[in-house]
Each structure stands twice: as structure tokens, then as C-alpha cells.
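Single-letter residue listing:
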Amino acid sequence: MAKPQEKVSFRERLKQIGQVFAFTARQDKWFVALLAGAVLIPLALTVLAFVLWGWIWIPIGIMVTLLAALIVLNLRSNTAMMNAAEGQPGAAASIMENMRGDWRVRPAASSTTQFDMIHIVIGRPGVILLGEGQPQRVRSLLGQEKRRLSKVIGSAPMYDYVIGSQEGELSIRKLRTTMMKLPRNLTGKDVNALDKRLGALMARPQMPKGAIPKNMRPGGKGMRQQRPR
């Protein structure tokens, strides 16, 4: 069962906004200037409206000013976060975990020592595989994961993407919008059932591929000692 979201106090909310502001200001050199414009222009118009038509425009002007500041903060902070996340291992899984909606994310469900990884996402569209790393190795991992998952997902749709900036790859900047544009093929009950099946599949221990090393094979002498006399 999903854990209930904890209520955030007003002080914690202000702290979070301050952290986002500081992060965005470090990443985006135009952020402070744009934010200043978003605040000063509505305030100047509010003063002018107050002089011409009276005090009733003061609360309207304040609300418009706050809205403009929040819009600039939201847009520029998202851009700054995308810039910082681009090329970072695990960025796609982190973005999916913070998206609104019922998205069940299994980060690095399959990976290599070279930091190639496949994240599995279950949602209303179906099963989504997100690959990060060297494209050739990632596509090989995607093929293996698709064959493994196809045994348990039934008729649920499966989508796969390679995260990157080259042709045929999905930019990390477009990940949110791409996920939101996918058709809603499953119901909530379907998502729960699919999540359970995939959880059971991934809980199974997998035997390593290839020959068993000699030092791990049970010797004949050891086997003879284990026989009952």
C-alpha cells in the first residue's frame, strides 16, 4: 500500500523554495534578472493602477506579482534541473520517481559495471523501459529485459527508450512530456496486478550465465563424505 504523504509545514515549504531559488540562481545566470522583472513590472503597474483607479488594485497587483514570480521560478528551476541531470547516471529514474501520478519505478533493474542501466517503470500506459549509458550496450540490455519481462506481462503494452541526445534517442528534457503523452492503456487494478507479477519475477534469484568455475564446483571427495554410511 502506498504511504500517505506527510504534510509539509509552512516553514518547511519556505525552506524548500529557498533551496530551489539558490540552486536555480547558481545554475542559471539569467534567473535573478528574469525574476526581478517578473516582480518589478507588475508592481509598477499596480502603483499606476492605484494612482488612477484607487486602492482596489493593490491586492490584485500583489497576487499578479506573486503568480509571475512563481511562474518564472518554476520554469527556470525545471530548466536548471534538466541541465544538471543531463548525462548523470540514474537521472531518468529520479525524474520518474518525482513525477505526479501512479508511476512504479524500479531503478537500475538491470545494469553493467560500466554504469549502463535499465530502469523499469510501471504505469497506466503499461511497462516502460528506460535505458541509460552507452547506446550499443544499452540496446543489448533492453533486448534482454524485454525478453525476460514478456513472459509475465501478458498483453500489457511495453515501451522502451534510450536516454540520450543522439538521433533516435529520447532527450532527458523531453522525458516528462513523452511519458504524459503515452496512452492510458491500463486501469489502476491492472497496474497493481502487473506490479505484483514483476515484483515476483525480480525476486527470483538468477543463476549466473556461463560455466561454473572449478573452485565453486563440489568435488567428488566432498560428495563422498556427505553420503550416509
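The structure displayed is predicted, hence computed values, not measured ones.

Asker: Explain the sheet that holds strand 2 (residues 117-123) here, please?
Answerer: Strand pairing in a sheet relies on backbone hydrogen bonds. The paired strands run either parallel or antiparallel. The sheet built from four strands is open, its strands ordered 1-2-3-4 with mixed pairing. Edge strands, defined here as strands with exactly one partner in the open sheet, are strand 1 (104-111) and strand 4 (158-162). Strand-to-strand, the axes of this sheet are offset by a mean angle of 20 degrees, without reference to chain direction. On the sheet, helix 5 (residues 135-149) packs against strand 1, strand 2, strand 3 (126-132) and strand 4 and is oriented at approximately 165 degrees with respect to strand 4.

Asker: What exactly am I supposed to notice about the confidence of the model for the chain here?
Answerer: Note: predicted coordinates in regions of low pLDDT should not be interpreted at a detailed level. In this model, the chain carries a mean pLDDT of 82, and residues with pLDDT of at least 70 account for 85%. The low-confidence segment residues 207-229 (pLDDT under 50) makes three contacts with residues lying over four places distant or belonging to another chain.

Asker: What's the story with the pairing of strand 2 in this structure? I'm lost.
Answerer: Walk down a regular strand and you will see the side chains alternate between the two sheet faces. Burial runs high along strand 2: seven of the seven residues are buried. The two faces of strand 2 match: M117, H119, V121 and G123 on one face and I118, I120 and I122 on the other face are all buried. Bridge count for strand 1 against strand 2 is five bridges, and the pairing is antiparallel. Residue pairing in the sheet places R106 in a bridge with I120 of strand 2. Joining the antiparallel neighbours strand 1 and strand 2 is a turn of five residues, in which F115 adopts a positive phi near 65 degrees. As judged from the seven bridges shared by strand 2 and strand 3, these two strands associate in the antiparallel manner. The residue bridging G123 from the neighbouring strand is G126, located in strand 3. Counted along the chain from strand 2 to the antiparallel partner strand 3, the turn is two residues long.

Asker: Just to check I follow, could you spell out the pattern of salt bridges for this structure?
Answerer: Pairing between side chains becomes possible if they bear opposite charge and their charged atoms approach one another. Within this structure, the stated rule accounts for seven salt bridges. Put simply, R106 and D195 hold a salt bridge, and the shortest N to O gap is 2.8 Å. Of this pair, R106 sits in strand 1 while D195 sits in helix 7 (residues 188-203); the two residues are 89 residues apart in sequence, bridging distant segments of the chain. Taken as a pair, R106 and D195 share a single burial class, namely buried. In this structure, R148 engages E145 in a salt bridge whose closest nitrogen and oxygen atoms are separated by 2.5 Å. Pair noted here: R148 and E145 are both in helix 5, with a separation of three residues, about one helical turn. Accessibility expressed as a relative area gives 18% for R148, which makes it buried.

The rules behind each value
Residues numbered from 1 in each chain as written. Predicted model: local features only at pLDDT ≥ 70, side-chain atom pairs only at ≥ 80, totals over all residues. Heavy atoms only, no water. Pairing = 2+ DSSP bridges. Helix = DSSP H or I, 4+ residues; strand = E, 2+ residues; numbered from the N terminus. Axes fitted to C-alpha atoms, helices over the stretch in contact; angles between N-to-C directions. Contact = heavy atoms within 4.5 Å. pLDDT = per-residue confidence, 0-100. Buried < 20%, exposed > 50% of the residue type's maximum accessible area, 1.4 Å probe, protein only. Salt bridge = Lys/Arg side-chain N within 4 Å of Asp/Glu carboxyl O.

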